[in-house]
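Reading the structure
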8 protein chains.
Amino acid sequence: VNRDELLALLRQTAAGDISAAAAVERLAHAPFESLGFATIDHHRTVRQGFPEVIYGAGKNPGHLVTIAERISERAGSFLATRVDESGRAALEARWPDARVNAIGRTVSLLGERRLLSRGALHIVTAGTSDLPVAEEAAESALAFGHEPSRLTDVGVAGIHRLLSATAELRRARVIIVIAGMDGALPSVVGGLVGCPVIAVPTSVGYGASFDGLAALLTMLNSCAAGVSVVNIDNGFGAAAAAARVLEHSGANP
Amino acid sequence: VNRDELLALLRQTAAGDISAAAAVERLAHAPFESLGFATIDHHRTVRQGFPEVIYGAGKNPGHLVTIAERISERAGSFLATRVDESGRAALEARWPDARVNAIGRTVSLLGERRLLSRGALHIVTAGTSDLPVAEEAAESALAFGHEPSRLTDVGVAGIHRLLSATAELRRARVIIVIAGMDGALPSVVGGLVGCPVIAVPTSVGYGASFDGLAALLTMLNSCAAGVSVVNIDNGFGAAAAAARVLEHSGANP
Amino acid sequence: VNRDELLALLRQTAAGDISAAAAVERLAHAPFESLGFATIDHHRTVRQGFPEVIYGAGKNPGHLVTIAERISERAGSFLATRVDESGRAALEARWPDARVNAIGRTVSLLGERRLLSRGALHIVTAGTSDLPVAEEAAESALAFGHEPSRLTDVGVAGIHRLLSATAELRRARVIIVIAGMDGALPSVVGGLVGCPVIAVPTSVGYGASFDGLAALLTMLNSCAAGVSVVNIDNGFGAAAAAARVLEHSGANP
Amino acid sequence: VNRDELLALLRQTAAGDISAAAAVERLAHAPFESLGFATIDHHRTVRQGFPEVIYGAGKNPGHLVTIAERISERAGSFLATRVDESGRAALEARWPDARVNAIGRTVSLLGERRLLSRGALHIVTAGTSDLPVAEEAAESALAFGHEPSRLTDVGVAGIHRLLSATAELRRARVIIVIAGMDGALPSVVGGLVGCPVIAVPTSVGYGASFDGLAALLTMLNSCAAGVSVVNIDNGFGAAAAAARVLEHSGANP
Amino acid sequence: VNRDELLALLRQTAAGDISAAAAVERLAHAPFESLGFATIDHHRTVRQGFPEVIYGAGKNPGHLVTIAERISERAGSFLATRVDESGRAALEARWPDARVNAIGRTVSLLGERRLLSRGALHIVTAGTSDLPVAEEAAESALAFGHEPSRLTDVGVAGIHRLLSATAELRRARVIIVIAGMDGALPSVVGGLVGCPVIAVPTSVGYGASFDGLAALLTMLNSCAAGVSVVNIDNGFGAAAAAARVLEHSGANP
Amino acid sequence: VNRDELLALLRQTAAGDISAAAAVERLAHAPFESLGFATIDHHRTVRQGFPEVIYGAGKNPGHLVTIAERISERAGSFLATRVDESGRAALEARWPDARVNAIGRTVSLLGERRLLSRGALHIVTAGTSDLPVAEEAAESALAFGHEPSRLTDVGVAGIHRLLSATAELRRARVIIVIAGMDGALPSVVGGLVGCPVIAVPTSVGYGASFDGLAALLTMLNSCAAGVSVVNIDNGFGAAAAAARVLEHSGANP
Amino acid sequence: VNRDELLALLRQTAAGDISAAAAVERLAHAPFESLGFATIDHHRTVRQGFPEVIYGAGKNPGHLVTIAERISERAGSFLATRVDESGRAALEARWPDARVNAIGRTVSLLGERRLLSRGALHIVTAGTSDLPVAEEAAESALAFGHEPSRLTDVGVAGIHRLLSATAELRRARVIIVIAGMDGALPSVVGGLVGCPVIAVPTSVGYGASFDGLAALLTMLNSCAAGVSVVNIDNGFGAAAAAARVLEHSGANP
Amino acid sequence: VNRDELLALLRQTAAGDISAAAAVERLAHAPFESLGFATIDHHRTVRQGFPEVIYGAGKNPGHLVTIAERISERAGSFLATRVDESGRAALEARWPDARVNAIGRTVSLLGERRLLSRGALHIVTAGTSDLPVAEEAAESALAFGHEPSRLTDVGVAGIHRLLSATAELRRARVIIVIAGMDGALPSVVGGLVGCPVIAVPTSVGYGASFDGLAALLTMLNSCAAGVSVVNIDNGFGAAAAAARVLEHSGANP
């Protein structure tokens, strides 16, 4: 509730257009819904353009379905990430048409949601083993309305694979770069293009990758200025950051 | 050198418009300059809209001046960060009109560079002690052509300070959020707005902040989807990431 | 055995009221019981108002039952935490009326224990995935005689969910705040209320949460003054800290 | 602004007792003051019983004095922690009667503030080298209105020093336990008493203390149930936590 | 594509020997092959003497077989490491003559590849538990054309076992030293011989080995000058480093 | 082979008592045996009073039995630690009379080995969950010829349990103190007794114990002077350290 | 006060030999002395054979002298470690005959203390840069009554330096091994001798030594069974551990 | 002393060509020299082709000069690294012709040492701030007889700077790659060439470089197979590793 809305509401109240009790009710009618085990933030669609996304880890199938029902009732769509097999089964049983990505561990109901962009977002991965994170990012982006382009397995150890795609990369409006092991790819991509680069470290690698810590630190220390980083294996977060760029960075949002 | 440029060059060569030797020369004439102790990437202005920025840490005053001279000769401007007092004195002696920010440890020559945006970028800090990082970010943004708005000392322990600025924050096209200690501010800001949020952890805090590690981890784990993070105390990096958003994320860059 | 008790005992001995051997016996009769594989501290009820709690992790079902028997014989009640399924089965077989919380992994026998407070303790969680820790805290609190109020899934990414409960939170005498990921919630709660806030980091989150380390550091660095912290996922410890506040911080204990 | 206050305000508005514009003004009149380089939270006295405390680290003397002036104007008192020598000199020059503690690095103006408790708070330290943290805690407690009792250099390597003070410790309503090196003291104290125990790790120790990390981990893992922990060397935070217990945990706050 | 090749190509183009379009095609015909889920770097054989090695972790059996097919088609051989049981079965089904090492988790097709050296490379292990890493290193070396000598279980706690092999070690041209726990063996070997020593830490050990971190740090800090280190448990990487020494460090490669 | 032995051998050779070839043979006849997959250090009995102990982790049953056979052939006894169930079965099948401790994961053949001490070594544990480590220590000690006394579950949260055993502890010649969680017990024991105290951290505890790191750091920072520490969960190592004290620290070993 | 002493005291009291008040006084007369800023444990000489040692770090000169006076009054000797220059000057001014070791940063007054052993304790260092730690250990040992033998700069990179001293090392009753960098020396020494080996990591080394962490982990993971470890750079602690072995591990202490 | 030498010596002794005492003397005449504060390993020249290098950190000027004198007496040359200003002055005073590199902190006396290679070793750095490490490497290489080629400031953020030097890099026999921040350069170089690549992380960078840890982990996880790594900032170690390759990896060393 921002200042302008408050002023309007107060004026209406002062004018007697609505009663004080109704005004309180409206203000108090919080834009969220309590399920006891969860408090759904329905207002998020207004603030950020997409409804609250369901983080599936640690939620049982029953809870998952209930939360998804409440969200889809209002928003006409939902996205659930980190869904394990039992959760996937429960969601598919309830929504046979839901979009399921087993590698990316996502389930989504896209609804009537219009396509906001195609090919503006590029998802680049260093190796084949980074695929699950790339799939989570791609599915999330799609749910937000952006159909991504893909470039796979172009790690820096064979730099010519990446360089041959330079012109293509320069056409992107935002790039998600996913890499495990040395995590060096975002630095090279960041040096080749001017658009926002969102780096995602993955937990792929030998012992001293320490489950992605090595790639994370590499990316935070990228010598290419202006590369920003999200959490390890967090394809969803990268897609959300990309959606912020594509939808909400215009001059008059 | 992308494929199209290469095709053009090859055609000219095949047509005899330029000799093979000249073509090689042109291709080989790398868009950088070697000073022995440094290799300046003059091509960066073309790729990313601003010339190579001088990272002052560990460079002696003589090197600093020489590098700044070569860059300003071509680009008409320069930005140097992490400049210590002796470096600052040397740069000021050479360019008396240079812009010096002692708190932010920057020296810049803005030249004829046009203003690209005003107020599109907001810089928000959690506490007064985060000021040096905010100054580095602000000076860097200005050098890139973006005049930032500022919101200072609005940490989450007194959440009403931030909430009263919600409407203002919602007018931003990109927000840099700077916080030390618990680093919680970007999560709240990220939940209030839809635009890109770039989080900068600072090394401010008591013992277990571990020189900014605590705030860094907080931000990487932000429960607000799509917050992305740069290195500890890296105000410059945040400004560069913001410039990528403001300048290079449009549909037809 | 404090100085006053010792003085009394010595006076009785000097007066011949009890023999030296009996005095030694009484002093030596340590207020604990040795089972070989365990040494039960029966005196704890006297010192801290509740009997020794059984930490179930790594104990086999037989040991669990024996320890619970010895404690309940003297105290009329017991609380066991971190009990796995086999332990739970064994305790239920022995005490069919025991209170079992599968999510919180606790088994308790509340006995005749009177209710010491209702609604004085609030348990607030940032997300649905923090539920197991909240359940452990709630069951432990109940065993100590305090019936908690609950507020669930009010993380800072949707700050209005929390703010709408401010008045309710200000009625609490002590608040346990449970959060994973960025662990930012206790800072905001700590800024809203004056009462003691006990923060519990959970191991919920993406890669760089490092099994709760991120949330732990956030909470230790809370910019809200006077927030104190217990171990990762330690709902029991938080309840014990809350019980210390509710029962033992009065002027004349 | 809670729901009740809002309801009252809206009723007054609806009744025409105050104009809509005035109501907005009142709501918008945020209980803080912006100094450009700082945003002072004057409302904190209402919420938590003491005004915002000035964290001196990284603030220049001029800023320190200005902030202290604004706070003392409203609250009649101030407390500044982590004040270096130049800051101390500036504050003393402005307030010759200010209370200065060089070891604890605090400067405070106690004003007319009444004494809320004496001897209810105990501050226990493991070694002489922990003194600076103990002094910060003691000065902060005093500023909050609580005069602490002290017990110094009673580390667990000579356990009889502590045990001889058991009766005294049992008279406390809340205990701050400060220890570096192995950080074992809070576990023993926590086992001896029932009241809240707030543990403060210090950065005192040989190499593998890692600047207090060792003691911090010890305390978080305390086998005495219900010990809670604040940041390394954070005497102020411990005092604030103790003040929360002493002032705000009563049944009818 | 290096400068000389480019010059030649341009000259041919200028001379009309090949058309500009064909030249572009040739330059654009990147020496890699895209499978959608993978981008195979066929050029690596030219650059480094052996084809791209397949990192089996996280790849499904179908992908493994496809990638191996494409590589063996061109190179006549392949090496796959970190292959789990299902991958092993799939590869064996497709190439019944493939060389399988269950302990080392490798599958390889050696093809017509000639033996480049025998006994020039020594593989030394500290304990029997380091065997899987040693096997991976040995199989990789063999695939690269080097048949290694072996010295097993000669850790420094019984230093005479190693010393009795000194003369033998001095005949090596490069030595891989594999050790877990304290990781001390490379320091001693490095002091005994003049040839390159490549140290491989393993994740073998008690708790504070932290999955090989202890041995890794030991080796990086080796007091024997010129010992270099590869990743934890990375037998393959050590063999690749050894192959670089044996094949590509000559005066005229 | 020390200088004196060498001198004697050379004198015999010079005198013609033994041939040069035989002398070489004797010197070359290393006191170890190579099994290909292992190199057994038979000389260790001479140097340290007990034969090489078999570290069972990562060894397959066949190897375990072979190594145990070779050691027992020469030494008449063996000790294997960290033996999993399959290894245990294989060793029991071969030596039906072997001593098996399932909790401590050890298998041993004590042979004719005489008892060197009884009750000189005390093993003290903080909690019941530390039992597996205590069992490994006890079995190892027994194999070395020392029958330990035991004191279980006497952690510092109930300090009277430990203090009541002070006189008993003071009779020990060396004490192994085993603790997880806060790891505080060795500091208190170290302050009560003058004899060597060997601290063993265990991986028992809540999240921020970080698998024993917390207890390890506590013990390394023990404020009781002269406490020394072995690896996490390393009961065997503690017993070996104790055996060094009991057998090899006398004036004329 | 142990059980036997208590029994005797009670019997005397019961017999009227001493009054109850006097008995209380004697029991209450704690064997320590409070200086306000310190609590000296005079009883330590009885328990452990040497008086409390003064840890100089963070103590001002005045406190140092006062504490040393109180200890030397009762014990006739003192040892202060980690004494900075100002402390050293103050102690020398008060005790001109005190023994000062600038490299080891110790000041000691040996008094009439008899020599307990000579040459039973060996101190071995890996490099010249480890000297300060070795000096602290040697001075501490001397203060405890043990004159150490020394072996310097015999790190494992030139293993023959150590091996040539094997016979000498085998004459020791306890060995302190001090090493930075790879910390490998204790593993080799531990394999050569049977007596107790106390390892001291030092903070000497290049970047990834992480101020001694690397050497610490190496030593904790020593593959030589029964090596125990003290804190980084803690020469004093090693000497105290050695003194426990030499003085208090006999059969009838 | 290897087996063959021993056999020869024994035969001579048996034949009476040399006396037993002389044989002992020769064997016992250890190839090192004890200075009390140091034990110089003169034999290292024989084993590894260059005399022991003096690690200057923590050594006083007098010791430095003495050690350098003893080494140069035998070897005719010396190399000292990590020499601070006072050490440098002392060495220059003693050897006015010594080669001093202030940036690399080395002092060396090259003597008559012949040049073993020129241009076979390449030293590549990512940024100007990495220069001190590059200088240490270059000076060390020169002292070992190898004159390096240099390529400076070619970090991956401007990848064309590096690629334009590909042909040059392919002429190297061994390459040292030095990089701070993201440490990504060795992965790209390692993919471009077949020769051995030795990676050196530097401590250059913003906060989360953690003094070089980030670059170290990147390099250990390099996706270019066969890159090996030395310690942070250890230019000397890299040169020593390169010298091992250039001098001791031939077929008949």
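Please refer to the structure placed before this passage.
This write-up is about the structure you can find in this document. (Residues numbered from 1 in each chain as written. Chains lettered and ligands numbered in written order. Predicted model: local features only at pLDDT ≥ 70, side-chain atom pairs only at ≥ 80, totals over all residues. Heavy atoms only, no water.)

**As for the overall build of chain A**
A tally of regular secondary structure across chain A gives 11 helices and 11 strands. The 253 residues of chain A split such that 66% are buried. Long-range contacts, defined here as pairs at least 24 residues apart, represent 64% of the contacts in chain A between residues at least 6 apart. On chain A, roughly 8,500 Å² of surface is accessible, and the fraction owed to carbon and sulfur atoms is 48%. (Helix = DSSP H or I, 4+ residues; strand = E, 2+ residues; numbered from the N terminus. Buried < 20%, exposed > 50% of the residue type's maximum accessible area, 1.4 Å probe, protein only. Contact = heavy atoms within 4.5 Å. Areas by Shrake-Rupley, 256 points an atom, 1.4 Å probe, with all protein chains shown as cover.)

**Thoughts on the packing of aromatic side chains**
Here the structure, examined in full by the defined rule, presents 24 aromatic pairs over all chains. On the basis of an interplanar angle of 35 degrees and a centroid distance of 5.4 Å, the ring pair of A:Tyr206 and E:Tyr55 is categorised as tilted. Of the two residues, A:Tyr206 sits in the loop between strand E10 (197–201) and helix H10 (213–220) while E:Tyr55 sits in strand E3 (residues 54–55), which places them in two different chains. For the pair shown, A:Tyr206 and E:Tyr55 are each scored as buried. One Lys or Arg, D:Arg94, reaches over the ring of D:Trp95 and ends 4.4 Å from the middle of that ring. (Phe/Tyr/Trp six-rings, centres within 6.5 Å; stacked < 30°, edge-to-face > 60°. Lys NZ or Arg CZ within 6 Å of the ring centre and 35° of its normal.)

**A few points about the pairing of strand E7 (residues 117–125) of chain H**
Residues and elements named next belong to chain H. Counting buried positions along E7 yields seven of nine residues, so the element is predominantly enclosed. Pairing analysis gives five bridges linking E7 to strand E8 (residues 146–151), with the strands arranged parallel. The residue bridging Ile-123 from the neighbouring strand is Arg-150, located in E8. With helix H6 (residues 131–144) bridging E7 and the parallel E8, this β-α-β connection has right-handed handedness. (Pairing = 2+ DSSP bridges. Right-handed = clockwise from strand over helix to strand, strands pointing away.)

**Brief notes about the interface of chain H and chain B**
At the junction of the two partners, chain H supplies 18 residues and chain B supplies 25 residues. Between chain H and chain B the total buried area reaches about 1,600 Å² when both faces are included, carbon and sulfur atoms providing 57% of it. Contact with chain B buries area across many residues of chain H, yet H:His160, H:Arg161 and H:Tyr206 alone supply 40% of it, more than any other trio. For the pair chain H and chain B, the interface holds zero salt bridges. A per-class count over the side of chain H that touches chain B returns seven nonpolar, nine polar and two charged. (Buried area = accessible area lost by both parts, 1.4 Å probe. Salt bridge = Lys/Arg side-chain N within 4 Å of Asp/Glu carboxyl O. Nonpolar A, V, L, I, M, F, W, Y, C, P; charged D, E, K, R; others polar.)

**So, the packing of helix H4 (residues 61–75) of chain F against helix H5 (residues 85–94) of chain F**
Residues and elements named next belong to chain F. Interaxial distance between H4 and H5 falls to 9 Å at its minimum, and their mutual angle equals 45 degrees. Relative to H5, the element H4 is oriented oblique. The chirality of how H4 crosses H5 is right-handed. In this structure, H4 contributes Pro-61, Leu-64, Val-65, Ala-68 and Glu-69 to the contact, and H5 contributes Ser-86, Gly-87, Ala-90, Leu-91 and Arg-94. Class assignment of the residues belonging to the contact of H4 with H5 gives a composition of six nonpolar, two polar and two charged. (Axes fitted to C-alpha atoms, helices over the stretch in contact; angles between N-to-C directions. Parallel < 35°, antiparallel > 145°, perpendicular 65-115°, else oblique. Left-handed = near helix turned anticlockwise from the far one by under 90°.)

**Concerning the relation of the copies chain D and chain C**
Expressed as a screw transformation, the operator carrying chain D onto chain C has a rotation angle of 180 degrees and an axial translation of 0.0 Å, and the superposed copies differ by an RMSD of 0.1 Å. Expressed as a symmetry operation, the mapping of one chain copy onto the other fits a two-fold axis. Using C-alpha coordinates, one finds that chain D approaches the rotation axis most closely at D:Val229, a distance of 2.5 Å. Interface residue correspondence from chain D to chain C reaches 100%, placing this contact among same-surface, isologous pairings. (Least-squares fit on C-alpha atoms with pLDDT ≥ 70 in both.)

**A look at helix H4 (residues 61–75) of chain A**
Residue and element names in this part refer to chain A. An ideal rise of 1.5 Å per residue puts 21 Å on 15 residues; H4 measures up with 21 Å between its terminal C-alpha atoms. Residues of H4 that are buried: His-63, Leu-64, Val-65, Ile-67, Ala-68, Ile-71 and Ser-72. Considering only its buried residues, H4 is in contact with strand E2 (39–40), strand E3 (54–55), strand E4 (78–81), helix H5 (85–94) and strand E6 (106–109). For H4, the side-chain oxygen to backbone nitrogen distance between the N-cap and Gly-62 is 3.2 Å, and the N-cap itself is Asn-60. After H4 finishes, the residue Gly-76 shows a positive phi value of roughly 75 degrees. (Expected span 1.5 Å × (residues − 1). Polar contact = N/O pair within 3.5 Å; in protein donor to acceptor, adjacent residues only side chain to side chain.)

**Comments concerning the relation of the copies chain H and chain B**
In screw terms, the move from chain H to chain B is a rotation of 90 degrees and a rise of 0.0 Å along the axis, fitting with an RMSD of 0.1 Å. Taken together, these values place the two copies in the relation of a four-fold axis. Closest approach to the rotation axis among the C-alpha atoms of chain H is made by H:Phe210, whose C-alpha sits 7.4 Å away.

**Thoughts on the sheet that holds strand E3 (residues 54–55) of chain G**
The pairing of strands in a sheet comes from backbone hydrogen bonds and takes either a parallel or an antiparallel form. All names here are of chain G. Strand order in the open sheet formed by four strands is E3-E4-E6-E5, and the pairing between neighbours is mixed. Among the strands making up the open sheet, the edge pair consists of E3 and strand E5 (99–101). Pairing between E3 and strand E4 (residues 78–81): two bridges, direction parallel. In the sheet register, Ile-54 faces E4, and the bridge partner there is Ala-80.

**A word on the sheet that holds strand E4 (residues 78–81) of chain C**
All names here are of chain C. A sheet is described by the order of its strands in space; here four strands give the open sequence E3-E4-E6-E5, paired in mixed fashion. What marks the edges here is a single partner per strand, and that holds for strand E3 (54–55) and strand E5 (99–101). Packing against the sheet, helix H6 (residues 131–144) makes contact with E4, E5 and strand E6 (106–109), and its axis sits at approximately 165 degrees to E4.

**Focus: a negative patch on the surface**
Side chains of A:Asp211, C:Asp211, E:Asp211 and F:Asp211 sit close together on the surface and give a patch of like negative charge. Here F:Asp211 is to be found in the loop between strand E10 (197–201) and helix H10 (213–220). On the accessibility criterion, F:Asp211 (59% relative accessible area) is exposed. (Patch = residues over 30% accessible without salt bridge, like charges linked within 9 Å, V, L, I, M, F, W, Y side chains within 5 Å. Lys, Arg positive; Asp, Glu negative; His and termini not counted. Charge placed at Lys NZ, Arg CZ, Asp CG, Glu CD.)

**Some details on the side chain of D:Asp182**
If you trace the backbone, D:Asp182 turns up in the loop between strand E9 (174–179) and helix H9 (185–192). Despite its burial, D:Asp182 remains without a salt bridge, the nearest opposite charge being carried by D:Arg161 at 9.8 Å. D:Asp182 has contacts with D:Val156, D:Ala215, D:Thr218, F:Ser187, F:Thr218, F:Asn221, F:Ser222 and F:Cys223, leaving out every residue within four places of it along the chain.

**What about unusual backbone geometry?**
In the Ramachandran plot, C:Arg82 falls in the positive-phi region, its phi being about 50 degrees despite a non-glycine side chain. By the secondary structure assignment, C:Arg82 is in the loop between E4 and helix H5 (85–94). Assessed through its relative accessible area of 16%, C:Arg82 is described here as buried. If you check the backbone angles, H:Phe210 has positive phi at about 45 degrees while not being a glycine. With respect to the element layout, H:Phe210 can be found in the loop between strand E10 (197–201) and helix H10 (213–220).

**Quick look at helix H6 (residues 131–144) of chain B**
Three or four residues apart is the spacing at which side chains of an α-helix point the same way, because the helix has 3.6 residues per turn. Residue and element names in this part refer to chain B. An ideal rise of 1.5 Å per residue puts 20 Å on 14 residues; H6 measures up with 20 Å between its terminal C-alpha atoms. Judged by how many residues are buried, H6 sits mostly within the fold: 13 of 14 residues are covered. Of the residues trailing H6, Gly-145 is marked for its positive phi of about 105 degrees.

**Notes on the side chain of D:Ser222**
Considering the arrangement of structural elements, one finds D:Ser222 in the loop between helix H10 (213–220) and strand E11 (227–229). A distance of 2.9 Å separates the side chain of D:Ser222 from the side chain of D:Ser187, its partner in a polar contact. Excluding its chain neighbours within four sequence positions, the residues that come into contact with D:Ser222 are D:Ser187, D:Val227 and F:Asp182.

**Description of the pattern of salt bridges**
Overall, the coordinates contain 43 salt bridges over all chains when judged by the stated rule. With a shortest N-O distance of 2.9 Å, C:Arg150 and C:Glu135 are connected by a salt bridge. Here C:Glu135 lies in helix H6 and C:Arg150 lies in strand E8 (residues 146–151), a separation of 15 residues in the sequence. In this structure C:Arg150 comes out as partly exposed when scored by relative accessible area, which is 33%. Of the residues examined, C:Glu135 reaches a relative accessible area of 16% and is grouped as buried. F:Glu136 is the partner of F:Arg82 in a salt bridge, and the nearest nitrogen-oxygen pair spans 2.8 Å. Placement of F:Arg82 in the loop between strand E4 (78–81) and H5 and of F:Glu136 in helix H6 (residues 131–144) is noted, with a sequence separation of 54 residues between them.

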